[in-house]
Amino acid sequence: MDLQKPPPPPQQPEGCLVVAVRLPVRIVVLVLVVPVRMVWDALVVVGRLLRDTVFRPLGRALLWLGRAVLVWPFVGLWRYVLVPAGMALGRLGNVLVVVPAVWLYRYVLTPVGHGFAWVYARVLTPAGHALTWLLKGVGAVLAAIAAGVYTAVAWLARYLLVVPARWLYTWVLAPVGRAVAWCARGVGWLLGMLVTGVGLALYWTARVLFVLPALALWRWVLAPVGRFLAVLAREAGEALGHAWRIAGRISRAVGRALGTLFRWVFVEPVRWVYRTVLTPVGHAVRDAVLRPVAAGARAVGRVTREALAAARATVRQARADVRRMLFGEPRQPAAVDRWEPAGRDTRTLGRSTTALTKD
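These lines cover the structure that appears in this document, whether it is placed above or below. In this convention, every chain numbers its residues from 1, walking through the sequence in written order. Per-residue local features are limited, in this predicted model, to residues with pLDDT of at least 70; the limit for side-chain atom pairs, both in listing and counting, is 80 or more; totals at the level of whole chains, interfaces and linings are taken over all residues. For side-chain calculations, the full set of non-hydrogen atoms in the structure is used, while hydrogens and water are omitted.

So, the overall build of the protein
Thought 1: A run of H or I in DSSP counts as a helix once it spans at least four residues, and a run of E counts as a strand once it spans at least two, with each numbered from the N terminus. What the protein contains, in helices and strands, is 1 helix and 0 strands.
Thought 2: Across the protein, contacts joining residues at least 24 apart in sequence account for 73% of those joining residues at least 6 apart.
Thought 3: What sets the accessible areas is the Shrake-Rupley method with a 1.4 Å probe; for residues, cover comes only from the shown protein chains. A total accessible area of about 31500 Å² is found for the protein, and carbon and sulfur atoms account for 73% of it. Should any heavy atoms of two residues lie within 4.5 Å, those residues are counted as being in contact.

Next up, the structure:
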């Protein structure tokens, strides 16, 4: 793998005409392109700002509105109206069409088809075979008659038409045709020589009167003018690209300068005011006003919660007293006998009289 860069292609030497045309064209194009490029960059910045702040939120709002107006109603119509209606129609069609059709096919058409099959196999097939044998016999007789007629007609046509026509062609028409062809070849050769002479005369006349002057005009007038216009167009194109790039750099520098000016005139004072004035004032307001107010609000909330809890407990106790006075004491749950042994038969966990250690 060759890591060295290939040498640049050799540049052809430029003439004095190219050098004389290049500098004025580039100056003129640069003067014309710089305002256009600056206006273009400004429009690009404004377009990006409008896209980010206006068009994109507007597009999202329109998209949501379109979904709410166009998509969601149709989705609801499809999901909650058309699909249930389609399912109901499908079931109704199954009951009214498919089931009767299946019954008709199974109990009517199938027996009728079996009957037709029996008629075809037992009646129509033997009749067809007999008719085919009869037609074959008639066809054989007609073919024999047609062969005899064809043979007779062919023999008569051969000796009444073909043999006389062949004799007429061999001894009359062929010699006459050869003579006519020889005469036609002679006339054609004479006309060809005449046309060739006239064509050569016209060719040289047209060459002298039209081709040579047109060739001279192309070689000595149009080709130099075309080369000059091609050089001018190429240099104009290169100058336009060069001027567009230079105008971009100039526009970028102007934009940076305006941005710096805007930052030092507007952003930095606002930032200084925010840091040196608004931030200390906000901290002071927070420490002197907001935090005490928040602490007082929290204390009031705590006291309010405690009062509400005491009120709820009092109401609950009063309701229990009223229920006890009206309906009496609530029934106590019965004690559950857990089958615990009594006296000396109680459990002996931790003693040596368990079932495993008992003598």
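Notes on the packing of aromatic side chains
Describing an aromatic ring pair means giving the distance of the ring centres and the angle of the ring planes.
Thought 1: Only centres within 6.5 Å qualify two rings of Phe, Tyr or Trp (six-membered ring in Trp) as a pair; their planes then separate them into stacked at under 30 degrees, edge-to-face at over 60, and tilted for everything else. Applying the stated criterion across every chain, the model contains 5 aromatic pairs.
Thought 2: Plain terms: the ring middles of Tyr203 and Trp204 are 5.5 Å apart, the flat faces sit at 75° to each other, and that makes the pair edge-to-face.
Thought 3: Exposure remark for Tyr203: the relative accessible area of 45% places this residue in the partly exposed category.
Thought 4: Sitting over the face of the ring of Tyr159, Arg158 holds its NZ or CZ atom 6.0 Å from the ring centroid. Under the scheme applied here, a residue whose accessible area is under 20% of the maximum for its type counts as buried, over 50% as exposed, and between as partly exposed, the area being computed with a 1.4 Å probe on protein chains only. Either the NZ atom of lysine or the CZ atom of arginine qualifies as a charge over a ring when it sits within 6 Å of the ring centre and within 35 degrees of the ring normal.

Looking at the pattern of salt bridges
Thought 1: For this document, the term salt bridge refers to a Lys or Arg side-chain nitrogen within 4 Å of an Asp or Glu carboxyl oxygen. The full count for this structure, using the stated rule, is 6 salt bridges.
Thought 2: Salt-bridge contacts for Arg51 lead to Asp52; the nearest nitrogen and oxygen are separated by 3.3 Å.
Thought 3: Taking the shortest distance from any N to any O, the salt bridge between Arg271 and Glu268 comes out at 3.5 Å. Here the residue Arg271 and the residue Glu268 both occupy positions in helix H1 (residues 16–327), the gap between them amounting to 3 residues, near one helical turn.
Thought 4: Under the relative-accessibility criterion, Arg271 is labelled partly exposed at 37%.
Thought 5: Counted as one network, the salt bridges with shared partners bring together Arg51, Asp52 and Arg56.

Some thoughts on a positive patch on the surface
Thought 1: On the surface, Arg245, Arg249, Arg252 and Arg256 cluster together to form a positively charged patch.
Thought 2: Note on placement: Arg256 falls in helix H1.
Thought 3: When its relative accessible area of 58% is taken as the criterion, Arg256 is described as exposed. Patch definition: residues above 30% relative accessible area lacking any salt bridge, with like charges linked at up to 9 Å and the nonpolar side chains Val, Leu, Ile, Met, Phe, Trp and Tyr linked at up to 5 Å. The charge count includes Lys and Arg as positive and Asp and Glu as negative, but it does not include His or the ends of the chains. In this description, the location of a charge corresponds to atom NZ of lysine, CZ of arginine, CG of aspartate or CD of glutamate.

Some details on the side chain of Ser251
Thought 1: As for its position among the elements, Ser251 is in helix H1.
Thought 2: The residues touching Ser251, leaving out its near neighbours within four places in the chain, are Arg37, Met38 and Asp41.

Digging into the environment of Thr276
Thought 1: Note that Thr276 resides in helix H1.
Thought 2: Within the structure, the side chain of Thr276 is placed 2.5 Å from the backbone oxygen of Trp272, a separation counted as a polar contact. Counting of polar contacts relies on pairs of N or O atoms within 3.5 Å, with two restrictions inside protein: one atom must be capable of donating a hydrogen and the other of accepting it, and residues adjacent in sequence are counted only when both atoms are side-chain atoms.

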